[in-house]
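Close look at the chain arrangement
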Amino acid sequence: MRAQPPTPADLAALSARYGFGLTGEDLAAYHELTTETFESCAAVERQWAARDQPAGQPADRIAGRDPGLRPQDDRLGAWQRRTSIKGAPEGPLAGRTVAVKDNVCVAGVPMSGGSAALDGFVPARDATVVTRLLEAGAEITGTSVCEDLCLSGGSHTSAAGPVRNPHDLTRSAGGSSSGSAALLAAGEVDLAIGGDQGGSVRIPAAWCGVVGLKPTYGLVPCTGSVPIEPSVDHLGPMARTVAGVADLLTVIAGPDGSDPRQDPRTTVPDYRLALGGGAGELRVGLLAEGFGLPGRSDPAVDATVRGLVRRLDADVRDVSVPGHRDAPHLWTVIVVAGAATQLIDLAGGGVAGCDPELAAALHRGRREHAGRLSATVKLVTLLGAHLIHTSGGAHYAMARRLAARLTAAYDAALAGVDVLALPTLPMTATPLPAPAAPPREQVARALEMIPNTCPFDVTGHPAISVPAGLSGGLPVGLMLVGRHGDEATLLRAAAACERLSGGAPAITTTGGTR
Ligand SMILES: NC(=O)c1ccccc1
């Protein structure tokens, strides 16, 4: 990847675009200055090429890897690529199979981020979480279908096609970690990696009836994954059980030294030790604003979640955080303005992806394949670019500062209880829209489910979706939200809920075949 310094003609065009009014003489001076300053880019390229690579990285590790294929017989459409990459012979995840969301780099396996924009991209090195999985003995059996640049909570926007809900093949599996949840529910893998910027781990977990955790902001490194915006990006563990999520979190959590989202002082306990204790000592707050959302909430979903929490052997009370209802507006502004500058214009090259080839591929692909992007990517790009071009970062700045107050409001509620409880999603899985459905319907089915999940991507609180039972034959998810860094208490509470509900519901598929 070689960049070139700007030519005098490049500078003349940029001067006109930015209204600098540079004269010919000025341009000559700036040409010298930019050429000299550009030397830093060349120096970084040289240092990158000559950097110390950890032993065995990357060439030996990739050698012999099977890039995999889309299986022909995948009735859920959930596998992006099926392969087999075996990790260390021993370790805490030895003998377990894992699906990795298709926005997380597995070196040697083509990665699309669910998008036409990354057509043909093959990662050169593993994401940190992938390195950790393999060192812990897991076997990566493939990558799982991801929504287009992760910008959908429905499972109909991936360039690979729709992912079908194993409980009803005509319905959405939820997104954007669509394939990860569907594969878990169908029993095709033991564990899965997901990503969550608005609910993308918890949404498909809830609709497919499995467990998904969005960890505390910064706990799990995002290095080597396709970002949306660095203040809301999270990766997280998914499994059929809370214990599986705890096993996976223990392996993937902790600073990696490369991701600026992380606090290098964070220490990682063994989360599996948290599961033993019951709910006896726990104080659980039913978050009033998470129920009865006008025009969204299905009363049967609310009743399933309330009923389960009330049956817990815990101190259950009602709590209120009025700001919860307005929080999705903050999320929308942060994602729209943030994605426009970080993901779209800078192609994930800002502080975000931390993978140079990925950033370069996104930069090329988003122009070359722009026409084939999903309705949600087009909507976010159009509004984000408009907002940035007309008022700069003002709305982003307002939203981020309001986010600090929102965080404090949840923290105040969490001072009186150990976890908050609410429905992960206001409704059960919605029907998959037809491929030719108009933009309004594509966008509605992609975004309508997020009012309870997206606030915690903005505030960074850890949040987990646990199966709470069935409504009309479809899974309902209960979401628990904990204090920053207190995954241990969150997992203990989740395990207590799982014992009561019976956990992941068995599949009795309806809706025919595709
Ligand atoms: N990436 C996400 O978490 C997401 C979820 C729902 C809608 C848009 C984005």
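Residues numbered from 1 in each chain as written. Predicted model: local features only at pLDDT ≥ 70, side-chain atom pairs only at ≥ 80, totals over all residues. Heavy atoms only, no water.

Moving on: unusual backbone geometry. Put simply, G175 and S176 share a cis peptide bond, and its omega is 5°. Residue placement: S176 occurs in the loop between β5 (168-172) and α5 (178-185). Phi angles above zero are rare outside glycine, and L149 is one such case at about 50°. Within the secondary structure, L149 is located in the loop between β3 (139-144) and β4 (164-165). Phi is positive for C150, close to 65°, though the residue is something other than glycine. Inspection of the secondary structure assignment puts C150 in the loop between β3 and β4. Taking relative accessible area as the criterion, C150 reaches 4% and is therefore assigned buried. (Helix = DSSP H or I, 4+ residues; strand = E, 2+ residues; numbered from the N terminus. Buried < 20%, exposed > 50% of the residue type's maximum accessible area, 1.4 Å probe, protein only.)

With that settled, the discussion passes to the domain arrangement of the chain. If you check the domain split of the chain, you get domain 1 (8-49) and domain 2 (61-501). Relative placement of domain 1 and domain 2: their C-alpha centres are 41 Å apart. (Domains from an automatic or database assignment.)

Attention shifts here to the packing of helix α4 (residues 128-135) against helix α7 (residues 242-252). In the contact formed by α4 and α7, the axes pass within 9 Å of each other and the chain directions differ by 110°. One finds that α4 runs roughly perpendicular with respect to α7. In the crossing of α4 with α7, the sense of the turn from one axis to the other is right-handed. Of the residues in α7, those touching α4 at V129, R132 and L133 are L248, V251 and I252. The residue makeup of the contact of α4 with α7, split by class, is five nonpolar, no polar and one charged. (Axes fitted to C-alpha atoms, helices over the stretch in contact; angles between N-to-C directions. Parallel < 35°, antiparallel > 145°, perpendicular 65-115°, else oblique. Left-handed = near helix turned anticlockwise from the far one by under 90°. Contact = heavy atoms within 4.5 Å. Nonpolar A, V, L, I, M, F, W, Y, C, P; charged D, E, K, R; others polar.)

Take the pairing of strand β6 (residues 191-195) next. For β6, the tally of buried residues reaches five of five residues, placing the bulk of the element in the interior. Of the two faces of β6, the one holding L191, I193 and G195 and the one holding A192 and G194 are both buried throughout. Examined bridge by bridge, β6 and strand β8 (residues 235-239) share five bridges and lie antiparallel to one another. Pairing of A192 across the sheet is with M238, part of β8. (Pairing = 2+ DSSP bridges.)

Further remarks concern the pattern of salt bridges. This model, assessed by the stated rule, comprises 20 salt bridges. Linking R483 and D486 is a salt bridge whose minimum nitrogen-to-oxygen distance equals 3.9 Å. For R483, a relative accessible area of 27% puts it in the partly exposed group. (Salt bridge = Lys/Arg side-chain N within 4 Å of Asp/Glu carboxyl O.)

This part is about the layout of surface pockets. Computed from the structure, the largest pocket encloses a volume of approximately 580 Å³. Along the walls of the largest pocket sit 32 residues, with P328, W331, T332, L447 and I450 positioned nearest its centre. Counting residues per element, the ones that place at least two in the lining of the largest pocket are α9 (327-345), α11 (375-391) and α13 (439-447). Per element, the largest residue contribution to the lining of the largest pocket is six residues, and it comes from α9. Tallied by class, residues from the lining of the largest pocket come to 19 nonpolar, 10 polar and three charged. (1 Å grid on protein atoms, 1.4 Å probe; cavity = no way out; pocket = protein on both sides within 12 Å on 5 of 7 lines; lining within 4 Å. Points joined across faces, edges and corners; volume = space filled by probe spheres on them.)

Following the criterion strictly, the structure yields two aromatic pairs and no others. Taking 4.7 Å as the distance between ring centres and 50° as the angle between the ring planes, the aromatic pair formed by Y410 and F456 counts as tilted. With Y410 in helix α12 (residues 394-416) and F456 in helix α14 (residues 455-459), this pair connects stretches of sequence that are 46 residues apart. Judged by relative accessible area, Y410 falls into the buried class, the value being 0%. Note that R306 overlies the ring of F291, its terminal NZ or CZ placed 4.2 Å from the centroid. (Phe/Tyr/Trp six-rings, centres within 6.5 Å; stacked < 30°, edge-to-face > 60°. Lys NZ or Arg CZ within 6 Å of the ring centre and 35° of its normal.)

Moving on: the site of the ligand. In the region of the ligand, 16 residues are neighbours, and C150, Q197, G198, G199 and S200 sit closest. Here a nitrogen atom of the ligand sits 2.7 Å away from a polar atom, N or O, in the main chain of C150. Taking 260 Å² as the accessible area of the ligand by itself, protein coverage stands at 99%. The cavity that encloses the ligand is the largest pocket. In terms of residue class, the shell around the ligand is built from eight nonpolar, seven polar and one charged. (Near = heavy atom within 4 Å. Polar contact = N/O pair within 3.5 Å; in protein donor to acceptor, adjacent residues only side chain to side chain. Areas by Shrake-Rupley, 256 points an atom, 1.4 Å probe, with all protein chains shown as cover. Sits in = over half its atoms within 2 Å of the grid points.)

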